[in-house]
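# Architecture and fold: a report
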Amino acid sequence: MQAAIYGLSGPELTADERAFFRDADPAGYILFARNCVDRTQVRSLTDALRDIHPRPDLPILIDQEGGRVARMKPPEWPVFPCGEAFDRLYQCAPSSAIEAARMNSRALALVLSEVGVNVDCLPVLDVRQPGASDIVGDRAMGDNPMQVSALGRAVLDGLASAGVIAVVKHMPGHGRALVDSHKELPLVSATEEELEIDLEPFERLRNAPMGMVAHILFMAWDKDRPSSLSPTIIQSIIRDRIGFDGFLMSDDIGMEALSGTPGERAAATVAAGCDVALHCSGTMEEMVSVASAVQALSADGEARLARAMASTLLDEDGPNLAEATAKRDALLALA
């Protein structure tokens, strides 16, 4: 099994993709809007991916947060609220906000499960900071780490209740970035003491099944390498200080925060301690570069992946999609 997760070029697998994925045997896949047309098509696509591999627990990821980050879009799929909606409700009714977040995430997971997607890159545990780039912005669930932790736990539980694995992001915290890491490398000059705020939600939810590492230069921890390429940050901060022992992936290595070829970026993230490199573009030439540079998933990585994929607490008797969204909407109306 290769230490990489790949995107796909379109709504159907091409012959070249089938051959490449069969040979590469990546750890998993990630879907984007270009891959999602309607329910029947997405289910056919995820079934086709599983036909390539003998693994029944093959992870197929998506970024379906709600708000402006949604790969499965209306009118085919329902609109889900962004993180800020639960932040607003929390200010007047914390318990209601937690239940609304849980119901919303269960509804999200039911939509994903229907089409064969079993991993959602959610919750966003970044603590919003004043003056930061709006790349996080309304995706965040607040500026208080305890509140973000409480809502994040509800998201984890809601996804798991419908059989979907969560990915906490963006470790060790994206809330202070002054620029968009899709376009350039953010530099965070906060002190170690100040960064305790950013770490707190990840520490409280350290037992999450999967995590994603941001491309950010934290001067307090490593002045030379962004977090996704830093053995110091991945081992000393994420693994040791936070205590996270889940399956760990980089953020998309195609983002302009990083430099070098796709293969060089992928190899560097895995060498730094990520279990897998996340490559999202679906461009075959780039995927070949990644495949030539990364090794097989480590034994520890395989064990973490297996634990993650077995971590859901499926509640088949829980509320269905209509019931969950109705309860969520009634609670959000209290804000």
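Quick look at the structure, then. Residue indices follow the written sequence of each chain, beginning from 1 at its first position. Only residues with pLDDT of at least 70 are given local features in this predicted model, and only at 80 or more are side-chain atom pairs given and counted; all residues enter the totals for whole chains, interfaces and linings. Computation of side-chain values covers all heavy atoms of the structure but excludes hydrogens and water.

### Let's talk about the overall build of the protein chain
Summing up its helical and strand segments, the protein chain has 11 helices and 12 strands in all. We compute the radius of gyration over the C-alpha atoms and compare it with the globule rule, which gives 2.2 Å times the number of residues raised to the power 0.38. Its C-alpha radius of gyration of 19 Å places the protein chain within 12% of the 20 Å reference for a compact globule of 335 residues. On the principal axes, the C-alpha backbone points of the protein chain span a range of 55 × 50 × 30 Å. Looking at the protein chain as a whole, 58% of its 335 residues are labelled buried. Whether two residues are in contact is decided by their heavy atoms: any pair within 4.5 Å suffices. Nonlocal contacts in the protein chain, meaning residues at least 24 apart in sequence, comprise 78% of its contacts between residues at least 6 apart. Surface accessibility in these figures is a Shrake-Rupley result with a 1.4 Å probe; residues are shielded only by whichever protein chains are displayed. Taken as a whole, the protein chain presents about 13000 Å² of accessible surface, with 50% of it coming from carbon and sulfur. Numbering of helices and strands runs from the N terminus; a helix is a DSSP stretch of H or I covering at least four residues, while a strand is a stretch of E covering at least two. Classification of residues uses two cut-offs on accessible area relative to the type maximum, computed with a 1.4 Å probe and protein chains only: under 20% is buried, over 50% is exposed, and between them is partly exposed.

### Observations concerning the pairing of strand S9 (residues 210-213)
On a regular strand, one side chain projects to one face of the sheet and the next to the other, so that they alternate. Here S9 shows no split at all, with Met210 and Met212 on one side and Gly211 and Val213 on the other all buried. Judged from the three bridges that link them, strand S7 (residues 165-171) and S9 form a sheet pairing that is parallel. Looking across to S9, one finds that Val167 is bridged to Met210. When DSSP finds two or more bridges between a pair of strands, those strands are recorded as paired. Judged from the four bridges that link them, S9 and strand S11 (residues 247-252) form a sheet pairing that is parallel. Bridged to Val213 within S11 is Ser250.

### What to know about the packing of aromatic side chains
Two aromatic rings from Phe, Tyr or Trp, using only the six-membered ring of Trp, form a pair when their centres are within 6.5 Å; if the ring planes differ by under 30 degrees the pair is stacked, by over 60 it is edge-to-face, and anything between is tilted. Per the stated rule, a full pass over the model turns up five aromatic pairs. Aromatic rings pair up to connect Tyr6, Phe20, Phe21 and Tyr29 into one cluster.

### Observations concerning the pairing of strand S2 (residues 26-31)
Along S2, six of the six residues are buried, which leaves the element largely enclosed by surrounding structure. Sheet topology note: the strand S1 (residues 2-7)/S2 ladder contains four bridges and is parallel. Opposite Gln2, over in S2, you have Pro26 as the bridge partner. In this region the chain leaves S1, passes through helix H1 (residues 15-24) and returns to the parallel neighbour S2; the handedness of that crossover is right-handed. We call a crossover right-handed when, viewed with both strands directed away from the observer, the connection leading from the first strand over the helix to the second proceeds clockwise. Note on the crossover from S2 through helix H2 (residues 39-52) to strand S3 (residues 60-62): the handedness is right-handed.

### Details of the state of the cysteines
Note on terminology: pairs of cysteine sulfur atoms within 2.5 Å are recorded as disulfides. Tallied over the full model, the rule gives zero disulfides. With no disulfide of its own, Cys92 lies closest to Cys82 among cysteine sulfurs, the gap being 15 Å. We note that Cys121 lacks a disulfide partner, and the nearest cysteine sulfur, in Cys280, lies 8.0 Å from it.

### Considerations on the nonpolar core
To qualify as a nonpolar core, a set must consist of buried Ala, Val, Leu, Ile, Met, Phe, Trp, Tyr and Cys residues joined through side-chain atoms within 4.5 Å. By size, the foremost hydrophobic cluster in this structure holds 85 residues, and its most contacted members are Phe21, Leu31 and Ile238. Top contributing element to this core by residue count: helix H4 (residues 94-114), with nine residues. When near neighbours in sequence (up to four residues on either side) are disregarded, Ile238 contacts Met171, Val213, Ile233, Gly243, Phe244 and Leu248. In this structure, Phe32, Met249, Leu278 and Leu297 belong to the second largest nonpolar core, which totals 21 residues.

### What to know about the sheet that holds strand S6 (residues 119-120)
Strand order in the closed barrel made by the eight strands is S1-S2-S3-S6-S7-S9-S11-S12, with parallel pairing throughout. Structural elements are reduced to axes, namely lines fitted to C-alpha atoms, with helices fitted over the stretch in contact, and the angle between N-to-C directions of any two is expressed from 0 to 180 degrees. Along the sheet face, H1 touches S1 and S2 and points at about 160° away from the line of S1. In the packing of helix H8 (residues 262-272) onto the sheet, the strands contacted are S1, S11 and strand S12 (276-279), and the crossing angle to S12 comes to about 145°.

### Regarding the packing of helix H3 (residues 83-92) against helix H5 (residues 145-161)
One can describe the packing of H3 onto H5 by two numbers: an axis separation of 11 Å at closest approach and a directional angle of 115°. As summarised for this structure, H3 and H5 are arranged roughly perpendicular, according to the angle between their axes. With respect to the hand of their crossing, H3 and H5 are arranged in right-handed fashion. Between H3 and H5, the contacting residues are Phe86, Asp87, Tyr90 and Gln91 on the first element and Gln147, Ala150 and Leu151 on the second. Each angle is binned into one of four classes, with values under 35 degrees roughly parallel, values over 145 roughly antiparallel, values of 65 to 115 roughly perpendicular, and all other values oblique. Handedness of a helix crossing follows the sense of rotation of the near helix relative to the far helix, less than a right angle counterclockwise being left-handed and clockwise being right-handed.

### Some remarks on the side chain of Arg139
By secondary structure assignment, the location of Arg139 is in the loop between S6 and H5. Polar contact is defined as a pair of N or O atoms within 3.5 Å, subject to the rule that within protein one atom must be able to donate a hydrogen and the other to accept it, and that residues adjacent in sequence are counted only when both atoms are side-chain atoms. Engagement of the side chain of Arg139 in a polar contact is seen with the side chain of Glu65, the distance being 2.7 Å. Not counting residues up to four positions away in its chain, the partners in contact with Arg139 are Glu65, Arg68, Val69, Gly83, Val124, Lys169 and His170.

### Considerations on H3
Residues of H3 that are buried: Gly83, Ala85, Phe86, Asp87, Leu89 and Tyr90. Considering only its buried residues, H3 is in contact with H4, H5 and helix H11 (321-332).

### Looking at the environment of Pro186
Secondary-structure assignment places Pro186 in the loop between S7 and strand S8 (187-188). When the C-alpha atoms of Pro186 and Ser133 are compared, they prove to be 9.5 Å apart, with 53 residues separating the residues in sequence. Apart from the residues lying within four places of it in its own chain, the contact partners of Pro186 are Ala177, Val179, Ser181, His215, Ile216, Leu217 and Ala257.

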